[in-house]
Every structure is written in C-alpha cells, then in structure tokens.
Amino acid sequence: MDISIIIVNYNTPKLTVEAIESILKSKTKYSYEIIVVDNHSSDDSVRILKGKFPNIVVIENKQNVGFSKANNQAIKLSKGRYILLLNSDTIVKEDTIEKMIEFMDKSKKVGASGCEVVLPNGELDRACHRGFPTPEASFYYLVGLARLFPRSRRFNQYHLGYMNLNEPHPIDCLVGAFMMVRREVIEQVGLLDEEFFMYGEDIDWCYRIKQAGWEIYYCPFTSIIHYKGASSKKKPFKIVYEFHRAMFLFHRKHYARKYPFIVNCLVYTGIAAKFILSAIINTFRKIGG
C-alpha cells in the first residue's frame, strides 16, 4: 500500500462524502486506502458513509475522542508507506495524490510535506505555510506587525510571507487539513500527541519531526480546496477553549524551559487575555446571529 488517507468525521457527512469522492476521482498509479474515523456523530454520518462507500474502513467511536486520538486510531490500522491526514472539509485535485507521492519518493530527507491549501475564495489558507509560534513570532503576529510588514523576515516569522510561495521549499509547520508523513518518521517520533484535542497537534507533530532531523516541505505544484471552519461553524465554547488551550500546551511543552520566567508569564497572560476576548466576541456573535 502506497498511502493511507485518514479522514476524521464529526457531523459533516456531506462534506466527508465530497472529500472521499474527490479522492476516488484521482488519477494515480499509486495504491491507496481510505480510513474514516467517526467521532460519535449525532447524525446519520456512519450510515451514509457505509452506504455510499462499502469498500472503505469506517471506525465508529462511542464518544468524541478528539482529532489527535481519532487520527492515531486510524494510523495504527493503516498499511501505507505514507500517511495522509485529510480534513473532511477538503477537496483534492485529480493530480494531488500522484504528485505528492512522487515528490516524497524523490525527496528522501523530507519527513512530511503539504500542498498548497486554497480557501473557497481563492486565497491561500496561510495555516499551510507557517513558522513555529515562538514567543517573538507570536508577539509580532498578535500586535499586527506581521500584517503591516508581510515581506519582513523578522516581523512575519509565523506565516513566512517573505518566502516564494510559487516554488517548493522547506518550512517549519504544515496544517493538519493536508499533511503527508512517512511511516518511518511516525515510527521514529511517535503518533500525534493526544493531549491536544483538536488544535495544535499538527504544529506539535511538525516540531517533533524537525527535532528528529527531518525536513518539512511546502509544495505548491498541486493544491486542495479547504472549506475552512465548515466542521466547526457555530463555534461552541469548547472550540474556542481548545484553540487557546493548544497554544498553552505547545508553549509549555516546547518553549517554557527555553525562556525566562517573565517571558513565560507574559506568554500565558497573553493567551489568557486572547481567550477571554475571543470568548466574549464569540458569545455576542451567537446572540447577534
């Protein structure tokens, strides 16, 4: 098996069906399997998926175990030389799988890679092309300097706006919406960290992959469409909470020991303030909507 494509579904049967159909339309010489993990959807997701695609593997969870754990369940069952994490709200092009495997087969030092991820309006999903969220990079991003100076190597360390987005190149971090990883890399660095429930696990994985000496590549020679947020449009409080909790977890795990006490205090205070503000804004959005 060349590649195992893993999709986590949670109450998004229509999107998941469209994502799978786009895979099935792929023009590729490579063998692949599709594994869907349903995180205890409250709708007819499982029935719909099994009815439409009797040849794919569907794992039915009895509770929502989160994105990391669900993907890990599928990885443990997978057989491919490569593992592809693919969001349920994505559409792959006919050549995406073919071109990405060809690139990985030729690039033996690359442990993980991602293609260009495009939003429905045609803009780049900037999460597919990131540096690590160091305290400095995060500060420049949060205060708006990255937006003011998008081509600055110093101020735009997070989204790497100074790099040529039209050519393949190494970056720090991919997005879990489309992330292709070598099996030997997973055997070396381990599975996704299940302490991250639904955000931050991709950044954490990329960090560990680079720490192990592998390269991570952004490959704009093919692309997917990402209907970003479609699986979490209503933004319940847990989503806002988990997003900010992931920031805290990542800093505590990878950076806290590298920075003095005062820097860590400022980081945690900034995360808390951003969380409170986001929760308030989200509450009023729901009332207004």
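Looking at an unreviewed UniProt entry, one finds the protein named WsaD, with Geobacillus stearothermophilus as its source organism.

Colleague: Sorry, what's going on with the nonpolar core here?
Modeller: The nonpolar side chains of a soluble globular protein tend to be buried, and buried together. If you look at the biggest cluster of nonpolar residues, it comprises 74 residues, and the most contacted ones within it are Leu-86, Trp-205 and Ile-209. Residue assignment places this core across two domains, with domain 1 (3–129 + 165–226) and domain 2 (237–288) each supplying three or more. The residues contacting Trp-205, other than those within four sequence positions of it, are Ile-75, Leu-85, Met-179, Val-181, Ile-186, Val-189, Gly-190, Leu-191 and Leu-192.

Colleague: I would appreciate a short explanation of the UniProt feature "transmembrane region" (unreviewed entry) in the protein in the present structure.
Modeller: Using the residue numbers shown here, the UniProt feature "transmembrane region" (unreviewed entry) corresponds to residues 261–281. Taken end to end, residues 261–281 is 100% helix and 0% strand, and its two terminal C-alpha atoms sit 30 Å from one another.

Colleague: Whenever I open this one, a nonpolar patch on the surface confuses me. Can you help?
Modeller: There is a patch of nonpolar side chains on the surface, built from Phe-139, Tyr-141, Leu-142 and Val-143 and spanning about 400 Å² of accessible area. In this fold, Val-143 is placed in the loop between helix H5 (135–142) and helix H6 (145–148).

Colleague: Help me understand the packing of helix H1 (residues 13–24) against helix H2 (residues 45–52) in this model?
Modeller: Helix-helix packing is described using two parameters, namely the angle between the two axes and the distance between the axes. The N-to-C vectors of H1 and H2 enclose an angle of 25°; their axes lie 10 Å apart at closest approach. Taken together, the axis directions place H1 and H2 in an arrangement best described as roughly parallel. The chirality of how H1 crosses H2 is right-handed. For the pair H1 and H2, the contacting residues are Pro-13, Thr-16, Val-17 and Ile-20 in the first and Ser-45, Ile-48, Leu-49 and Lys-52 in the second. The class makeup of the residues in the contact of H1 with H2 is five nonpolar, two polar and one charged.

Colleague: Looking at this model, I keep getting lost on the pattern of salt bridges. Mind explaining?
Modeller: As a working rule, side chains carrying opposite charge can pair if their charged atoms are close by. By the definition in use, this model includes 18 salt bridges. Measuring nitrogen to oxygen at the nearest pair gives 3.5 Å for the salt bridge that ties Glu-94 to Lys-27. Here Glu-94, found in the loop between strand S5 (90–92) and helix H4 (96–106), pairs with Lys-27, found in the loop between H1 and strand S2 (32–38); they are 67 residues apart in sequence, far enough to count as distant. Look at Glu-94 and you get partly exposed, because its relative accessible area is 41%. Between Asp-193 and Lys-253 there is a salt bridge, and its shortest N-O distance comes to 2.8 Å. Here Lys-253 lies in helix H9 (residues 237–254) and Asp-193 lies in the loop between helix H7 (183–189) and helix H8 (201–211), a separation of 60 residues in the sequence.

Colleague: It is not clear to me how the UniProt feature "domain: Glycosyltransferase 2-like" (unreviewed entry) in the protein should be interpreted in this structure. Could you clarify?
Modeller: Here, UniProt's "domain: Glycosyltransferase 2-like" (unreviewed entry) annotation points to residues 4–189. Taken end to end, residues 4–189 comprises 33% helix and 22% strand; its first and last C-alpha atoms sit 18 Å apart.

Colleague: What should I look at first to understand the pairing of strand S9 (residues 215–226) in this one?
Modeller: Moving residue by residue along a regular strand, the side chains alternate between the two faces of the sheet. Of all the 12 residues making up S9, nine are buried; the element is thus mostly covered by neighbouring parts of the structure. In this structure, S5 lies alongside S9, joined through three bridges in antiparallel fashion. Looking at the pairing, Thr-90 lines up with His-226 of S9. Looking at chain direction, strand S6 (residues 110–118) and S9 are connected through eight bridges and run parallel. When the sheet's bridge partners are listed, Val-117 is paired in S9 with Ile-224. Inspection of the sheet shows strand S7 (residues 169–170) paired to S9 by two bridges, in the antiparallel sense. When the bridges of S9 are listed, Pro-170 appears paired with Tyr-217.

Colleague: Is there a simple way to explain the packing of H8 against H9 in this structure?
Modeller: Contact pair H8 / H9: the axes reach a minimum separation of 10 Å and the direction vectors enclose 20°. Looking at the two axes, H8 sits roughly parallel to H9. Viewed along their axes, H8 and H9 form a crossing whose handedness is right-handed. Contacts from Ile-203, Asp-204, Tyr-207 and Arg-208 in H8 reach Phe-250, Lys-253 and His-254 in H9. When the residues that make up the contact of H8 with H9 are grouped by side-chain class, the tally is three nonpolar, one polar and three charged.

Reading the values: the criteria
Residues numbered from 1 in each chain as written. Predicted model: local features only at pLDDT ≥ 70, side-chain atom pairs only at ≥ 80, totals over all residues. Heavy atoms only, no water. Core = buried A, V, L, I, M, F, W, Y, C linked by side-chain atoms within 4.5 Å. Buried < 20%, exposed > 50% of the residue type's maximum accessible area, 1.4 Å probe, protein only. Domains from an automatic or database assignment. Contact = heavy atoms within 4.5 Å. UniProt positions renumbered as here; feature names shortened; annotations may be inferred. Helix = DSSP H or I, 4+ residues; strand = E, 2+ residues; numbered from the N terminus. Patch = residues over 30% accessible without salt bridge, like charges linked within 9 Å, V, L, I, M, F, W, Y side chains within 5 Å. Areas by Shrake-Rupley, 256 points an atom, 1.4 Å probe, with all protein chains shown as cover. Salt bridge = Lys/Arg side-chain N within 4 Å of Asp/Glu carboxyl O. Axes fitted to C-alpha atoms, helices over the stretch in contact; angles between N-to-C directions. Parallel < 35°, antiparallel > 145°, perpendicular 65-115°, else oblique. Left-handed = near helix turned anticlockwise from the far one by under 90°. Nonpolar A, V, L, I, M, F, W, Y, C, P; charged D, E, K, R; others polar. Pairing = 2+ DSSP bridges.

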